[in-house]
Amino acid sequence: MKVFRCSVLRVVLVGIIFSGLSCVSQDIFSKVDPEVGRYSARLVTFSDTNPALGVLSGTIDVVNALDESKVTDYRLYWGSGPATKLSGMIEGTPKTGAPVAFTLSNRTIPTAATYLLVYSYNAAEGELKYPTACVIIDLTDIGIYVDGALGVDAIGNGTRTNPVATIQFGIARAAAEGYQAVHVAEGTYLIDGDIDPIILSEGISLYGGYQSVTWTRDLGLYASILEDNSTTEGTTGVGNPNRCIAAVGNLITNATTVNGFYINGNTLVGRAYTAGINCLNGASPFIVNCTINGGNALTRSSGIFTSNGSAPLIRSSTIDGGNAPEVRGIHNNTSAPIIAWNTINGGAGTNSAGIYNINSTPEINGNVIDAGNGTNQVYGIYNDSSAGIIRYNTVRGGFSAVNSYGIYNLDSGAVTIRQNDINGQGNPSGGPLNTYGIYNTNTSGTILNNTIHGGDLPGGGTLCVGIYSDLNSSPLIENNIINAGGNGATISRGIDLTNSLGTRIFNNRIDGGSGLSLSTAVRLNTSDNVLICLLYTSDAADEE
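What counts, and where the lines are drawn
Residues numbered from 1 in each chain as written. Predicted model: local features only at pLDDT ≥ 70, side-chain atom pairs only at ≥ 80, totals over all residues. Heavy atoms only, no water. Helix = DSSP H or I, 4+ residues; strand = E, 2+ residues; numbered from the N terminus. Buried < 20%, exposed > 50% of the residue type's maximum accessible area, 1.4 Å probe, protein only. Contact = heavy atoms within 4.5 Å. Areas by Shrake-Rupley, 256 points an atom, 1.4 Å probe, with all protein chains shown as cover. Phe/Tyr/Trp six-rings, centres within 6.5 Å; stacked < 30°, edge-to-face > 60°. Lys NZ or Arg CZ within 6 Å of the ring centre and 35° of its normal. Arc of directions from axis to C-beta. pLDDT = per-residue confidence, 0-100. Pairing = 2+ DSSP bridges. Axes fitted to C-alpha atoms, helices over the stretch in contact; angles between N-to-C directions. 1 Å grid on protein atoms, 1.4 Å probe; cavity = no way out; pocket = protein on both sides within 12 Å on 5 of 7 lines; lining within 4 Å. Points joined across faces, edges and corners; volume = space filled by probe spheres on them. Nonpolar A, V, L, I, M, F, W, Y, C, P; charged D, E, K, R; others polar.

**Student:** Tell me about the overall build of the protein, and name the residues and values.
**Tutor:** Summing up its helical and strand segments, the protein has one helix and 48 strands in all. By the burial criterion, 56% of the 544 residues in the protein qualify as buried. Within the protein, residue pairs in contact and separated by at least 24 positions form 75% of the contacts whose partners lie at least 6 positions apart. Carbon and sulfur atoms form 53% of the exposed surface of the protein, whose accessible area is close to 19,900 Å².

Pasting the structure below:
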């Protein structure tokens, strides 16, 4: 075993921060990356109150950035796309440490404008490159209107005073008339998720949350509910579950929006696979401001299931996997979604995962992710043969009987785990047996600037580990704060390397935790070519 060390420091007070030492060129904890969403507004919403065509009035509500340390102001622009601003700022407002608002009064919509864009700004660095976008929905926008209680599916219907009754008919009418929006009134819309799910059409967006008759939009007051009540599954399978909404094919892009719905997968007994939304064969819609539940299934349920090259943008939604032996909040198979600012729960069942990735390259930013309550294995994020970026998230394991993981990486290469708060969790009332903040098997990648906690087992258990790596794993572990946890566990370890090859551990603060029998900051078990540099520990630096 070869272990290369430089400047190993052993201290009792883990909270002490050392500076001015060799091997580090800069303090990466304070490094700013202006290209990502940590400093961007989390959500922008607007409802027009002006009855004049092409004129907007009303309040634009802005949920402030997760981190405002590099933000002094928010700036509002018209946009011709979700990241393309038109010249001339509409208005600016200083940050307040809380949500802010802009007010529009009789503002004419420019010819090319289809979005409202909010940019974070500071005088030293200017505006961030990427804004937070809100689609402009003119109160008098020409579109198709759907009311399940009062509407009738007939050619010529689709106006506010004569709406159609079903969403799919509304999409067909929008396509025939050249409209880009379908507005859906409050109420419950029953969907046959096997043979007749809602099929999205490119460029036609669905907007829920309208009051019937007046068509006032308020997502909190007027719930547009989509519910799968199918009793068969003749066309479904692993890649094609019973679902409320299906986005199929690479012609479906982020220009197709699903905005403001409650979406419930099938809860009837007997369906093998269920999902709220299914994106497949390259489909990439924009899913925003939705509450989604995967339903109940005999085999697997997923709030959102993506496959075969799909790359949806999933933002500012609440997603639950439902209930099944295999249950996932979001399941990605050979996909590349962008998942940002959501609240995600794996659901309840045997094995649960907040986000489950296989052969996928997701970008996962700024979410609150909980593994759920599986009775066997639970994962905040599960990566199998996947790459991608995981940053600025709060990730938690769950309450299981066996193992709980914040993030689990299997045969995954270029996974970047950066500036997250990760906890292996644990059940206060007993179980699981083992908890892990991050678990790597045959995995490389980068673990940078995170706060990682192995979890606690106050009800009793075996092992709590901040970062565990085995089977030739070789991650770069740099500038993290790592605490093994271990309250109630027999053994706790900050970092545990077993059969690892070429792991690099730089400039971390590591606490071995509070294991009842053994607590160790770093364990090296038959690992080779390990480089440890600037390691601050509260226990013995290594257990071999």
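Here the narrative resumes, following the displayed structure.
**Student:** Describe the packing of aromatic side chains, naming the residues involved and giving the relevant values.
**Tutor:** Summed over all chains, the structure comprises 15 aromatic pairs. When the centroid spacing of 4.8 Å and the interplanar angle of 75° are considered together, the rings of Tyr379 and Tyr382 count as edge-to-face. Here the two residues Tyr379 and Tyr382 agree in accessibility, since each one is buried. Here the aromatic rings of Tyr408 and Tyr439 are separated by 5.1 Å at their centres, their planes lie at 10°, and the arrangement is stacked. Here Tyr408 is found in strand β36 (residues 403–410), whereas its partner Tyr439 is found in strand β39 (residues 434–441), with 31 residues between them in sequence. Since its relative accessible area comes to 12%, Tyr439 is described here as buried. Counting every residue linked through ring pairs, the aromatic cluster contains Tyr356, Tyr379, Tyr382, Tyr405, Tyr408, Tyr436, Tyr439 and Tyr468. The positively charged end of Lys85 is found above the aromatic ring belonging to Tyr77, 4.4 Å away from the centroid.

**Student:** Kindly report on helix α1 (residues 167–177), identifying the contributing residues and their values.
**Tutor:** When we look at burial in α1, the residues that qualify are Ile167, Gly170, Ile171, Arg173 and Ala174. In an axial view of α1, the angular spread of the buried residues amounts to 165°, which keeps them on one side of the axis. Those residues of α1 that are buried are in contact with β11 (144–146), β12 (181–185), β13 (187–191), β14 (198–199), β15 (205–210) and β16 (224–228). Directly after α1, the chain includes Gly178, whose backbone phi takes a positive value near 80°.

**Student:** Hey, could you go over the confidence of the model for the protein for me, with residue numbers and the actual values?
**Tutor:** Within the protein, residue pLDDT values average 87, and 88% of them lie at 70 or more. Between residues 7–36, whose pLDDT stays under 50, and residues either more than four places distant or in other chains, the model counts 56 contacts.

**Student:** Got a sec to walk through the sheet that holds strand β3 (residues 55–63)? Specific residues and values, please.
**Tutor:** In spatial order, the strands read β2-β3-β7; together these three strands make up an open sheet with antiparallel pairing. Of all strands in the sheet, those with a lone pairing partner are β2 (43–46) and β7 (100–108), marking the two edges. The average undirected angle you get between the axes of adjacent strands in this sheet is 20°.

**Student:** Before we move on, can you summarise the layout of surface pockets with the specific residues and values?
**Tutor:** The space that makes up the largest pocket amounts to roughly 940 Å³. The wall of the largest pocket is formed by 42 residues, among which Pro131, Thr132, Ala133, Phe286 and Arg315 lie closest to the centre. Contributions of two or more residues to the lining of the largest pocket are made by β2, β3, β10 (132–135), β18 (257–259), β21 (286–288), β24 (313–315), β27 (338–340) and β30 (363–365). Taken together, the residues of the lining of the largest pocket sort by class into 23 nonpolar, twelve polar and seven charged.

**Student:** Lay out unusual backbone geometry with the relevant residues and their values.
**Tutor:** Here Asn106, not a glycine, exhibits a phi torsion of approximately 55°, which is positive. Here Asn106 is to be found in strand β7. Residue Asn106 is classed as exposed on the basis of its relative accessible area, which comes to 54%. In this structure, Asn359 takes a positive phi of about 50° despite not being glycine. Relative to the elements of secondary structure, Asn359 occurs in the loop between β29 (348–358) and β30. Since its relative accessible area comes to 44%, Asn359 is described here as partly exposed.

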